[in-house]
Amino acid sequence: MRSFKSIYFLFLLILNIFISSCDNLVDTIVTLYYRDENYMYFIPVTTTMKLNSSLGSVVKEEDLRNILEELKKSKGDLISCIPKSVNIKDLKLDKDKNLLEITLEGNNNKLYDTDEQFLIGSIVNTFTEFSQIKNVLFKLDKLSSEIDYSQPFDRKSWANLWFSADELNENLSLATIYWLTKDKKYFVPITVPIIKNDVVNLIEVLKLGPNKSKKQFLENPINKDIDLKIKAVNMKSIIIEVKSKKNLPLSVVNTAKLAVLYTLVEFGFFENIKIELSEGQVEEFDLIKTNPKQSINRIELFSGAK
């Protein structure tokens with residue numbers, strides 16, 4: 001009888017430990033960065049992973065390792081930027097410095113130009129989505145490279161920069177707008193010059209869509225029969241009309257709405273955005289409470305911690 005009780009209590013102890021560990025798993029929205037098949041730009045993808053902590057408040061190395069494992073896997077037309085010849089040997093998070101250190105391991109091979117650029121950018125963009133990580137420092141083991149890895153990388157260096165030096169002058173600043181992949185499947189953040197801090201010009205550039213060589217790789221999310229009109233604006237809020245001149249499918253209007261919304265969120269000036277789609281139909285977004293970009297290019301293809 002005593003032996004039976006011992007086994008029973010041992011079983012309860014194991015069960016409680018298992019339940020407690022499961023309770024720590026949190027459905028967490030993460031943004032991961034892949035590339036297109038032509039090595040032209042990064043594509044952000046949001047999904048939900050079951051992780052050991054909520055990354056909005058606490059970052060754990062175990063969570064980051066799980067995210068990296070998913071980032072290494074291509075998902076159809078979403079191509080991983082981490083070459084199969086490169087392993088993630090070590091990962092260390094310094095919370096005091098907001099710094100993530102990652103050791104990349106190879107097989108006495110060399111990293112080359114475009115592959116290396118996308119490798120770094122994908123990891124940096126993915127992890128600097130979290131407020132606790134501002135920079136990523138890479139160390140190489142059995143890998144050679146011509147890039148200087150002595151200093152950590154921040155997010156600004158790995159945006160989709162689509163402009164040349166002669167397109168900039170003292171009257172212009174850089175802004176991020178959202179166009180579409182060529183197949184119109186994913187939104188892509190593209191950094192381009194606009195008139196300095198001018199939201200009107202920002203919307204004009206968005207509406208104009210990709211030009212010249214950009215047309216080979218990107219599509220305009222704003223249908224030619226949709227008008228964009230700023231109806232009111234101040235330092236904290238903006239009201240913008242997204243109006244169709246024809247009876248267009250709802251999906252076409254919704255794509256235009258999202259392109260406007262993501263672009264205005266990225267602009268960083270507003271706390272409240274109102275979008276008028278038709279008479280009496282207004283959608284309001286309180287950016288203090290929610291970030292609409294947490295649903296950008298949403299897919300359900302990922303798993304979490306085991």
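Everything below is about the structure shown above.
In this report, the structure presented in the accompanying data block is examined. The residue numbering used here restarts from 1 in each chain and proceeds along that chain's sequence as written. Only residues with pLDDT of at least 70 are given local features in this predicted model, and only at 80 or more are side-chain atom pairs given and counted; all residues enter the totals for whole chains, interfaces and linings. Calculated side-chain values reflect all of the structure's heavy atoms, with hydrogen atoms and water omitted.

1. Describing the sheet that holds strand β13 (residues 281-286)
The criterion for strand pairing is that DSSP finds at least two bridges linking the strands in question. Secondary structure counts use DSSP, requiring at least four H or I residues in a row for a helix and at least two E residues in a row for a strand, with both numbered from the N terminus. Pairing in this open sheet of four strands is mixed, and the strands run β10-β11-β12-β13 from one edge to the other. A single partner strand is all that each edge strand has here, and the edge strands are β10 (226-233) and β13. Each adjacent strand pair in this sheet contributes to an overall mean axis angle of 20°, direction not counted. Note that β10 and strand β11 (residues 237-244) share seven bridges and pair antiparallel. The partner of I226 across the bridge, within β11, is S244. Note on contacts: a residue pair is in contact if any heavy atoms of the two residues lie within 4.5 Å. Interaxial angles span 0 to 180 degrees and are taken between N-to-C directions of axes, which are lines fitted to C-alpha atoms, for helices over the stretch in contact. Each of β10 and β11 touches helix α4 (residues 199-208); the most contacted strand, β10, lies at about 170° to it. Along the sheet face, helix α5 (residues 250-267) touches β10, β11, β12 (272-278) and β13 and points at about 160° away from the line of β12.

2. Let's talk about the packing of helix α2 (residues 61-71) against helix α3 (residues 113-127)
At their nearest, the axes of α2 and α3 sit 12 Å apart, and the two run at 140° to each other. In this view, α2 runs oblique relative to α3, as classed from their interaxial angle. Every pair of crossing elements has a handedness; the one defined by α2 and α3 is right-handed. Between α2 and α3, the contacting residues are L64, I67, L68 and L71 on the first element and S122, I123, T126 and F127 on the second. Ten residues, namely Ala, Val, Leu, Ile, Met, Phe, Trp, Tyr, Cys and Pro, are considered nonpolar, four, namely Asp, Glu, Lys and Arg, are considered charged, and the remaining ones, Gly among them, are considered polar. Tallied by class, the residues present in the contact of α2 with α3 amount to six nonpolar, two polar and no charged. By the definition adopted for this analysis, an angle is roughly parallel if under 35 degrees, roughly antiparallel if over 145, roughly perpendicular if from 65 to 115, and oblique otherwise. In a left-handed crossing the near helix is turned counterclockwise from the far helix by less than a right angle, and in a right-handed crossing that turn is clockwise.

3. As for the pattern of salt bridges
Any Lys or Arg side-chain nitrogen found within 4 Å of a carboxyl oxygen on Asp or Glu counts as a salt bridge. With the rule as written, the count across this model stands at 18 salt bridges. Here R298 ties to E300 by a salt bridge, and the two come within 2.8 Å at their closest N and O atoms. Each residue is assigned to one of three classes by its accessible area relative to the maximum for its type, calculated with a 1.4 Å probe on protein chains only: buried under 20%, partly exposed between the two thresholds, exposed over 50%. You can call R298 partly exposed: its relative accessible area is 33%. If you follow the salt bridges from partner to partner, you end up with E70, K73 and K75 in one network.

4. What to know about the sheet that holds strand β3 (residues 87-94)
The four strands lie next to each other as β3-β4-β5-β6, forming an open sheet whose pairing is mixed. Strands at the two margins of the open sheet, each flanked by one partner only, are β3 and β6 (153-154). α2 rests against β3 and β4 (99-110) of the sheet, and its axis sits at about 145° to β3.

5. Some remarks on the nonpolar core
A general trend in soluble globular proteins is that nonpolar side chains are found buried together. Membership of the largest hydrophobic core comes to 78 residues, with the highest contact counts inside it found for I102, F127, F138, L264 and I273. Boundaries between domains were set according to an automatic or database domain assignment. Taken together, domain 1 (21-158) and domain 2 (173-294) each give at least three residues to this core, which thus spans both. The contact partners of L264, leaving out residues within four places of it in the chain, are V199, L202, I203, I238, I240, F270 and I273. Within this scheme, the nonpolar core is defined by two criteria: the residues are buried Ala, Val, Leu, Ile, Met, Phe, Trp, Tyr or Cys, and they are joined through side-chain atoms within 4.5 Å.

6. Looking at the pairing of β4
Pairing of β3 with β4, which is carried by seven bridges, proceeds in the antiparallel orientation. Each residue of the ladder has a partner; that of L93, found in β4, is L100. In this antiparallel pair of consecutive strands, β3 and β4, the connection spans four residues, and N98 shows a positive phi of 55°. Handedness rule for crossovers: strands pointing away from the viewer, path from the first strand over the helix to the second running clockwise, crossover right-handed. After leaving β4, the chain enters α3 and then returns to the sheet as strand β5 (residues 135-144), a path that is right-handed.

7. Description of the environment of P44
You can see P44 is positioned in strand β2 (residues 42-51). On the basis of relative accessibility, which here comes to 4%, the residue P44 falls in the buried class. Between the alpha carbons of P44 and N297 there is a distance of 6.9 Å; along the sequence they are 253 residues apart. Beyond its immediate sequence surroundings of up to four residues, P44 is in contact with T31, L32, Y33, F187, P189, I296 and N297.

8. Some points on α2
Residues D63, L64, N66, I67, L68, E70 and L71 constitute the buried set of α2. Among the structural elements, β1 (26-35), β2, β3, β4 and α3 are those in contact with the buried residues of α2.

9. Details of the layout of surface pockets
Only protein atoms enter the 1 Å grid used here, on which a cavity is any set of points holding a 1.4 Å probe that cannot leave and a pocket is any open set flanked by protein within 12 Å on both sides along at least five of seven lines; residues with an atom within 4 Å of a point are listed as lining. Grid points are joined across faces, edges and corners, and a volume is the space filled by probe spheres set on the points. Approximately 1,100 Å³ is the volume found for the largest pocket. Looking at the lining of the largest pocket, the elements that each hand over two or more residues are β1, β2, β7 (172-181), β8 (187-195) and α5. Among the elements that line the lining of the largest pocket, the one with the most residues is β1, at six residues. Of the residues assigned to the lining of the largest pocket, the class counts are 21 nonpolar, 14 polar and six charged. Both of domain 1 (21-158) and domain 2 (173-294) provide at least three residues apiece to the lining of the largest pocket.

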